[in-house]
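Understanding the architecture of this molecule
Each chain, written out:
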Amino acid sequence: MTLRMFNVLGREKQDFVPLVEGSIGMYVCGPTVYDHAHLGHARSYVSFDVIVRYLRSRGYRVLYVQNITDVGHLLDSGEDRILKKAGQIQAKPMQIVETYTRSYFDDMDALGVVRPDISPRASGHVPEQIEMIETLLRKGHAYVVNGSVYFDVTTDDDYGRLSNRRVEEQESGSREATRDDKRNPEDFALWKAAEPEHILRWNSPWGAGFPGWHIECSAMARKYLGETFDIHGGGIDNLYPHNENEIAQSECANEATFARYWLLVGSLTVDGVKMSKSLGNFTTIKDALSRYRPEVIRTFILTAHYSNPVDYSEDSLAAARGGWERLYNALRLTRQRMQSAPHSDDGNAFLERVRGAQTEFNAVMDDDFNAPRAIALLQDFTREVNTLLNEGGAVGLPVLAAIEALYRETGGAVLGIIPEGDTADSGRAGREAALIEMLIAMRAQARLNKNYAESDRIRQELARVGVLLEDRADGTLWRTE
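None of these values were measured; they are calculated from a predicted model.

1. So, the overall build of the chain
If you tally the helices and strands in the chain, you get 14 helices and 15 strands. Looking at the chain residue by residue over its 481 residues, the buried ones come to 56%. Residue pairs in contact within the chain that sit at least 24 positions apart in sequence constitute 75% of those at least 6 positions apart. Per element, the accessible surface of the chain, about 20600 Å² overall, is 49% carbon and sulfur. Placing the 55 positive and 70 negative side-chain charges of the chain at their respective mean positions leaves the two points 4 Å apart.

2. Considering the confidence of the model for the chain
For the chain, the average pLDDT comes to 89, and 91% of its residues sit at 70 or higher. Per-residue pLDDT stays below 50 along residues 171-178; that stretch engages in 29 contacts with residues further than four places along the chain or on separate chains.

3. So, the packing of aromatic side chains
One pass over the structure, following the stated rule, counts 15 aromatic pairs. Summarising the aromatic geometry, the rings of Tyr45 and Tyr104 are spaced 5.6 Å apart at their centres and angled 80° between planes, so their arrangement reads as edge-to-face. Of the two residues, Tyr45 sits in helix H1 (residues 39-57) while Tyr104 sits in helix H3 (residues 93-110), which places them 59 residues apart along the sequence. Aromatic pair Phe229 and Phe258: ring centres 5.1 Å apart, planes at 85°, arrangement edge-to-face. Here Phe229, found in strand E9 (residues 229-235), pairs with Phe258, found in the loop between helix H6 (239-254) and strand E10 (259-265); they are 29 residues apart in sequence, far enough to count as distant. By relative accessible area, which is 1% here, Phe229 ends up buried.

4. Looking at the sheet that holds E9
Taken together, four strands build an open sheet; the order of strands is E4-E3-E9-E10 and the sheet is parallel. Each edge of the sheet is formed by a strand with only one pairing partner; in this case those strands are strand E4 (61-66) and E10. In this sheet, adjacent strand axes meet at a mean angle of 20° when their direction is disregarded. One ladder, built from six bridges, connects strand E3 (residues 23-28) with E4; its direction is parallel. Bridge assignment links Ile24 to a residue of E4, and that residue is Val62. Sitting on the sheet, helix H5 (residues 215-225) touches E3, E4 and E9, and the angle it makes with E3 is about 160°.

5. Digging into H1
Spacing of three or four residues puts side chains on the same side of an α-helix, whose turn is 3.6 residues. The terminal C-alpha atoms of H1, which comprises 19 residues, lie 26 Å apart, in line with the 27 Å expected from a rise of 1.5 Å per residue. Within H1, 16 of the 19 residues are buried, leaving the element largely enclosed by the surrounding structure. Downstream of H1 by a residue or two, Gly59 has a phi angle that is positive, lying close to 100°.

6. Considering the nonpolar core
Counting 90 residues, the largest nonpolar core has Met26, Phe369 and Leu415 as the members making the most contacts within it. If you tally residues by element for this core, the top one is H1, at ten residues. Excluding residues within four positions of it along the chain, Met26 makes contact with Phe48, Ile51, Val52, Val62, Leu63, Tyr64, Val65, Leu225 and Ile231. Within the second largest apolar cluster, 23 residues are counted, among which are Val65, Val71, Cys217 and Trp262.

7. What to know about the sheet that holds strand E5 (residues 142-145)
Strand order across the open sheet formed by four strands is E5-E6-E7-E8, with antiparallel pairing between neighbours. Since the sheet does not close on itself, it has two edges, and those belong to E5 and strand E8 (209-211), each with one partner. Strand after strand, the sheet turns through a mean of 20° between neighbouring axes, direction not considered. Pairing analysis gives four bridges linking E5 to strand E6 (residues 148-151), with the strands arranged antiparallel. Across the sheet, the residue bridging to Ala142 is Phe151, located in E6.

8. Description of the packing of helix H8 (residues 294-301) against helix H9 (residues 314-338)
Running from N to C, H8 and H9 point in directions that differ by 110°, and their axes come no closer than 8 Å. The pairing of H8 with H9 is recorded here as roughly perpendicular in orientation. Where H8 approaches H9, its residues Glu295, Val296, Ile297, Thr299 and Phe300 are matched on the opposing element by Ser316, Leu317, Ala320, Arg321 and Trp324. Split by residue class, the contact of H8 with H9 holds six nonpolar, two polar and two charged.

9. Notes on the pattern of salt bridges
With the rule as written, the count across this model stands at 28 salt bridges. One salt bridge in this structure joins Arg102 and Glu98, with 3.8 Å as the shortest N-O distance. One end of the pair is Arg102 and the other is Glu98, both in helix H3 and four residues apart, which spans about a single turn. Between Arg291 and Asp287 there is a salt bridge, with its nearest N and O atoms 3.1 Å apart. Under the relative-accessibility criterion, Arg291 is labelled partly exposed at 34%. The exposure class of Asp287 is partly exposed, given its relative accessible area of 35%. What you see here is one network of salt bridges that share partners, running through Asp49, Arg53 and Arg298.

So, how was this worked out
- Residues numbered from 1 in each chain as written.
- Predicted model: local features only at pLDDT ≥ 70, side-chain atom pairs only at ≥ 80, totals over all residues.
- Heavy atoms only, no water.
- Helix = DSSP H or I, 4+ residues; strand = E, 2+ residues; numbered from the N terminus.
- Buried < 20%, exposed > 50% of the residue type's maximum accessible area, 1.4 Å probe, protein only.
- Contact = heavy atoms within 4.5 Å.
- Areas by Shrake-Rupley, 256 points an atom, 1.4 Å probe, with all protein chains shown as cover.
- Lys, Arg positive; Asp, Glu negative; His and termini not counted.
- Charge placed at Lys NZ, Arg CZ, Asp CG, Glu CD.
- pLDDT = per-residue confidence, 0-100.
- Phe/Tyr/Trp six-rings, centres within 6.5 Å; stacked < 30°, edge-to-face > 60°.
- Pairing = 2+ DSSP bridges.
- Axes fitted to C-alpha atoms, helices over the stretch in contact; angles between N-to-C directions.
- Expected span 1.5 Å × (residues − 1).
- Core = buried A, V, L, I, M, F, W, Y, C linked by side-chain atoms within 4.5 Å.
- Parallel < 35°, antiparallel > 145°, perpendicular 65-115°, else oblique.
- Nonpolar A, V, L, I, M, F, W, Y, C, P; charged D, E, K, R; others polar.
- Salt bridge = Lys/Arg side-chain N within 4 Å of Asp/Glu carboxyl O.

Dropping the structure here:
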């Protein structure tokens, strides 16, 4: 099977061929750390987490770099987001940075997102950014005005090829305020002169100032991945101007291809409108985790292809929870059976189905990381597993172990929606399972005491809420409808 991915640079699905066989360099635009992360951030970073997990499962050595923007991300007004937050709560800018960087990683850890190999901070790489700006000036792609440095988009004949926007069609301003001292409205800041009250500032050949938003990714990607690397990821909303400007300044400075494959994640929306802090229609990851298991949130995010938008609602989370519980209940029942299963060939015919499910899973993930289709395949497989386990016949340990391994490797190691074992089970599902086990133990004691009326009552009450019991010689198993 050939791994294919939709390359936004070119707008087509392409076979993936790494620069170095067996290795992948991957850069993803990270968060601006000025507040707690919300589910829109989770949408992006869970999606790339699955992509990285799958690439590694295929045997690639992935060097995953994701930056932390802690300086230079400007509002339309030209104001730095971090400085604005610091002013609102009367804190030092680096207090803001430290607080919300830790908060971001706490959220990602809770969601089961594997940490990047390198998480460079923009503020820690100002010398590299200055060096790249000096190169652009020397090569005639930038100019200095009153202590600020701007990239001249007219010097790059290919400018706009990622977003398919011609320079003359582009609107001025965008994320940074239009400045009268720019030669062209579309030119963007590489370095900004600092006003006297601006706290975050560094010395430079052009005076005290701070880097523009876009230059950090170009400088840090080059430092850790080289002038040319394999995959660049980000959010579709940053296609223009951020990603477009990254390409322009990088390729003009390095005179080499920047990133070869561009993967951009669709937005998370609420009633069709992108979730964002500025609109106030956001739900923080912390708030979502207080109500839903991390695996349920991941399942919800993965119900849409990474490149498409996904709409958030309580109903959509409830549907994701139901789907996840069906998968996990089948796995839990399999693990229960494994504890007392015979070491026999009973059910061996199902091994071929397990192998087929793994092949199908790899095929859909090879097709542009199609996680929604992968989950649908697991749901189909789960129905067959439930039939096998509930039809009454014996199932040998080799078959049960193969089923468990498939869930663990596909739903666990790649999709991150299956916990390693019952010891990892926590939150609502874990509490419910513990209560059910307690009621089963009470029922067993009632039967020992020949209190069959109480035993039947417990069975009936559990059935009423969708929990079905199966009495076997080796104990009582349970499953949910």
